[in-house]
Structures are given as C-alpha cells and as structure tokens.
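What the coordinates show
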Amino acid sequence: METLESALALLLEHAAPVRETEEIPLGDALGRIAAEDVASPIAVPPFDRSPLDGYCLHSEDIAGASREHPAVLTVIGEACAGCGEVFAVERGQALRVMTGAPVPAGCDCVIRQEDTDEGMEQVRMYASVPHNRNICWTGEDVPLGAVMMHRGDTITCAHIGVLSSLGVARVRVYRRVRVALLSTGDELLQPGESLSFGKIYDANRAAITAHLQELGVRAHVLGSAKDEPQAVAQALAEAAKDADVLVTTGGVSVGKKDIMHKVLPLMGAERLFWQVAMKPGSPLLCGVYEGKLLICVSGNPFAALACFEVFAAPVLRKMAGKAAYENRRLRTTLRGEFGKKSPGRRLIRAYFDGVQARLIGNNHSSGSLSTVIGCNCLVDIPAGSDALCDGDEVEIILL
C-alpha cells in the first residue's frame, strides 16, 4: 500500500508536460498557460504625459508664485489625450493639457488647473510646482523590453490588461491537456432520467467534469458504462487515441463488480499501484496505457473528489505547464471537534477562513457529498491520531 506522498510522486513521475503550443487571440487566453516569456515591445507610457488637467511649463517660471503674487504666462495652445500635434513651449509660456495629453520636451512640470485662473490666452498661476512634478514619464509603468509574462504563468485578467496596453494581440500558450472521463456502475443514471428502485444518479461524472473545467482541461466525457470489463477496456483504449490522461470512477475495490482490476490487463495497461494508505479513497488504482496515465478513483462521491483533488489535480496542473502544480499546505488551528480516533491517515472536510479551519458538518463518510459544498480545504490527520479538539493545530490541504 502506497503512502499519499509516494503515490503522488509516482503519478507526477509519469506526468509529462504537454509541449505542443498554439497561438491564440489575447482575448481568449484567460486561464491558459503561457508557453513563452512576453517582453514589452514598447515603453508604457510611450511618451511623457500629464496625469491631470492643467498646464505644462518650465518650473522656474512659477517659482515662488502664490495667490498674492501670481505668475502670469502666455498660453500657446491646448493638448488633449490623443493629440498628435507637437508643441514647443518656451520660457514664459504654458500649454494647457488634459489628462493623458503628451508633455512637450523641455517642460519639466504640470500645474493642476485648480491652482490657476484657467486662462485661455494668458494664465495666472497661484502656486509653484517643483521640477519634474506631475509628469508620468516614458516607461514609468513598463520599460521597453521588460518581461511582463513568464512561461508557465497562468494568464489572468491582469496579464490580459497589461499585454493589451503593450499592443500585444496574440499570445502563445500550451494546448489544453485532454482528459477522457468514464464513470462505471450498473446502478448509474443521468440527471433527468426517471429514478427507479436500486439506481442512483451519477454525481461523480458531473462533479469531476466541472472540476476539469475549473482546471482549464479539455474534458472528453465518455458517459457512464455498465460493469462489463471488455466494453470498458475497449472504450478507454479508443478514448486514449486522443487523450493525455484517462480518469474513471468506480470499480476499484474488492467486490464482484469492481471490474477495473480486469480492465487494465485487458487493455494491456501497466499497473503502477493499487491502494493508498489514506481514508477516504484508499482503493485508488493507477496505471499507464501507451504512455498515458490511467487514474481510477473510487465510486463513492467524496472519495472520488478527494482523490481527484489530491492526486489528479496536481498531475493535470503539471501536464498543463503550470509553474506551481502541487497542492498548497499550511499549518493552522482547528475550529470544531472530530470525535473519532484515526488509526490510519484520514482526510476530512473543512473551510479555511484565513485564520482557522472550521469543520463542515458531522458526516465525513466517503459516500457523503452534500458537505463538500463550502469545503475549501482538507484536514490531513496523521495515522495514529487521537480525536481532534477545538483549537488543535492541524495541517490542511488547500483546494
């Protein structure tokens, strides 16, 4: 039986990052993984500009100016944002400027219009402004050639905004990881179908598909399959032609209908391991088929999600090219009590508010799904632990 760490290490060892790239419009890049560094082709701002409405001038011309003793300058024109006209401002002159307008060479300050009489031909200045004050200088925000996005970055709205300001229209990203998902079980029905006695709705398929979308993965949902080893083996082998990873739910324990132990040899897949020393999700079965990982999680809903989060999510993030792919862990204090001893390692549901981890509900069984709502972390309880009390220090896995 593998430990959580050894099982994850085995999977990550076989998780080759996708190297194929594609160039896409910047507007379609949210959440994608950058495949190359992007350096600024221009400086931002690309010219010295005014950050306010006022007048640009030579600071020496208004030294000592006040309301009692204003400085009077000749106004040579007006420049607004987008103005392409080039002005030359001599000593004793001022150019009226609006926010975003270019500041002519030679001008070393801008005075806000509130400190003037807002004159159009001549302007009275009621305050002095120091040298180099109130000017946004060329390259002040982004210098020419500065790297603003690095390979491996997950592209955010901030990246898209900054790259747009640089005039970048297209970016190169890694292609999406392709995952084929199959849920198994004679008992499964799909939402919308009439629920007959002995049947249940397939929650795993829906939950894991949604999680794949959150991870930015391209999901190929194969649907649900009956407990027929040969049919499942054929379906997975066919899906593997266009998938990077195969994920299944159900059929991994020790019962008569736990068919995945037969499916792997029927496919010709190599088994990496079966069973992990943790609860829930201990009957995790993983293998490799034609160089592609096969991750088979339990059919119990919480066990399926917990295993997917702990094992499959880091694998998919690594394959996607993300620089940080392992789950984040931290030490915190527990709010609430977990009354059971933990002879083996156990993961239980909690909500981390930035200060404490609050336990969610009292039902932490592997088949319970409702308490996943609001869960943003798992409390990792070491094997051999006593019951947990309010205020105990614990380690959590952030989701």
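In what follows, the accompanying structure is described. (Residues numbered from 1 in each chain as written. Predicted model: local features only at pLDDT ≥ 70, side-chain atom pairs only at ≥ 80, totals over all residues. Heavy atoms only, no water.)

**Some words on the sheet that holds strand β22 (residues 393-398)**
Strands belonging to one sheet form pairs held by backbone hydrogen bonds; the direction of such a pair is parallel or antiparallel. Short version of the rule: Strands qualify as paired when DSSP identifies two bridges or more between them. Helix and strand assignments follow DSSP, with helices taken as H or I runs no shorter than four residues and strands as E runs no shorter than two, numbered in order from the N terminus. Inter-axis angles, ranging from 0 to 180 degrees, are taken between N-to-C directions of lines fitted to C-alpha atoms, where helices are fitted over the stretch in contact. Note on contacts: a residue pair qualifies if any of its non-hydrogen atoms lie within 4.5 Å across the two residues.
Here five strands make up a closed barrel; going around it, the order is β18-β20-β19-β21-β22 and the pairing mixed. Ignoring which end each strand starts from, the neighbouring axes of this sheet average 55 degrees apart. In the sheet, strand β21 (residues 377-381) pairs with β22 via four bridges, with the strands oriented antiparallel. Looking at the pairing, V379 lines up with I396 of β22. Strands β19 (346-352), β21 and β22 of the sheet are contacted by helix α6 (residues 301-320), whose axis makes an angle of about 80 degrees with β19.

**Topic: the nonpolar core**
Operational definition: Residues enter a nonpolar core if they are buried and are Ala, Val, Leu, Ile, Met, Phe, Trp, Tyr or Cys, with the set joined through side-chain atoms within 4.5 Å. Only protein chains enter the accessibility calculation, which uses a 1.4 Å probe. A residue is then buried if its area is under 20% of the maximum for its type, exposed if over 50%, and partly exposed in between.
Counting residues in hydrophobic clusters, the biggest one holds 48 residues, and the most contacted among them are L11, L284, F311 and L316. Sorting the residues of this core by element identifies α1 (4-13), β10 (178-184), α3 (203-214), β14 (245-249), β15 (270-274), β16 (285-289), β17 (292-297) and α6 as the ones contributing at least two each. Looking at this core, the element that brings in the most residues is α6, giving 14 residues. Apart from the residues lying within four places of it in its own chain, the contact partners of L284 are F273, W274, Q275, V276, I295, C296, V297, C307 and F311. Membership of the second largest hydrophobic core comes to 21 residues, among which are V232, I259, M260 and A269.

**Digging into the packing of helix α4 (residues 229-239) against helix α5 (residues 260-267)**
Counted only if it meets this: Orientation labels follow simple angle bins: below 35 degrees gives roughly parallel, above 145 gives roughly antiparallel, 65 to 115 gives roughly perpendicular, and whatever is left gives oblique. The crossing is said to be left-handed when, going from far helix to near helix, the turn is anticlockwise and less than a right angle, and right-handed when the turn is clockwise.
With their axes 9 Å apart at the nearest point, α4 and α5 run at an angle of 55 degrees to one another. Put simply, α4 runs oblique to α5. Viewed along their axes, α4 and α5 form a crossing whose handedness is right-handed. Contacts between α4 and α5 involve P229, Q230, V232, A233, L236 and A237 from the first element and M260, K262, V263, L266 and M267 from the second.

**Regarding the packing of aromatic side chains**
For the record, the criterion: Think of it this way: a Phe, Tyr or Trp ring, Trp meaning its six-membered ring, pairs with another when their centres are within 6.5 Å, and the plane angle makes it stacked under 30 degrees, edge-to-face over 60, tilted otherwise. Counted as over-ring charges are cases with an Arg CZ or a Lys NZ within 6 Å of the ring centre that also lie within 35 degrees of the ring normal.
Applying the stated criterion across every chain yields a total of zero aromatic pairs. Above the face of the F302 ring, R349 is positioned so that its terminal group lies 3.6 Å from the ring centre.

**Concerning unusual backbone geometry**
A cis amide bond links V44 to the next residue, P45, at an omega of -5 degrees. At the junction of K279 and P280, the peptide bond is cis and its omega measures out at 0 degrees in the coordinates. Within the secondary structure, P280 is located in the loop between β15 and β16. Even without a glycine there, the phi angle at E290 is positive, about 50 degrees. Among the secondary structure elements, E290 is positioned in the loop between β16 and β17. Classification of E290 as exposed rests on a relative accessible area of 63%.

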